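A closer look at the structure
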Amino acid sequence: MNTNLENLKTAADVKKAFACHGSLVRYGAYLIATKGSWNYDTNRLDYSAALSDILTDTGKTATTQVMIATEADETFLDAGHAIEWAIGMIHTR
């Protein structure tokens, strides 16, 4: 697992890490993060995904505590497919 993601402790930390070409989606007790990064070999955005457990929900992004659960080993063509992967991971837990 990416050690940088392991250091993300709040929803605000996740939001900052996935800010550019990214999105956060709350799905029940989970936080799904996607981020697009330019792939110079294919000349397109490749999307990554990470799934975090929400540990404590304070109702505020800055203080909601999270813990990274898993991240995708593959990249996706768009954020929709990255989110689909994360939801699939939730349902297999």
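So, here is what we can say about the structure in this document. (Residues numbered from 1 in each chain as written. Predicted model: local features only at pLDDT ≥ 70, side-chain atom pairs only at ≥ 80, totals over all residues. Heavy atoms only, no water.)

**What about the sheet that holds strand S1 (residues 22-27)?**
As summarised here, the arrangement of the four strands in space is S1-S2-S3-S4, forming an open sheet in which the pairing is antiparallel. A strand with exactly one partner marks an edge of an open sheet, and here the two such strands are S1 and strand S4 (65-71). On average, each strand axis in the sheet is inclined to that of its neighbour by 30°, with strand direction left out of account. Sheet topology places strand S3 (residues 44-56) next to S4; six bridges connect them, and they run antiparallel. Bridging from a neighbouring strand, Ser-52 pairs with Ile-68 of S4. (Pairing = 2+ DSSP bridges. Helix = DSSP H or I, 4+ residues; strand = E, 2+ residues; numbered from the N terminus. Axes fitted to C-alpha atoms, helices over the stretch in contact; angles between N-to-C directions.)

**So, unusual backbone geometry**
Even without a glycine there, the phi angle at Asn-43 is positive, about 55°. Structurally, Asn-43 can be placed in the loop between strand S2 (30-39) and S3.

**So, the environment of His-91**
Along the chain, His-91 falls in helix H3 (residues 79-92). Sequence separation between His-91 and Asp-46 is 45 residues; the distance between their C-alpha atoms is 24 Å.

**A look at the pattern of salt bridges**
By the definition in use, this model includes three salt bridges. With a closest N to O distance of 2.5 Å, Asp-57 and Arg-26 form a salt bridge. Residue Asp-57 is located in the loop between S3 and S4, and its partner Arg-26 is located in strand S1; the two are separated by 31 residues in the primary sequence. Asp-57 gets classed as partly exposed once you look at its relative accessible area, which sits at 45%. In this structure, Asp-46 engages Arg-44 in a salt bridge whose closest nitrogen and oxygen atoms are separated by 2.5 Å. A relative accessible area of 9% means that Asp-46 is categorised as buried. (Salt bridge = Lys/Arg side-chain N within 4 Å of Asp/Glu carboxyl O. Buried < 20%, exposed > 50% of the residue type's maximum accessible area, 1.4 Å probe, protein only.)

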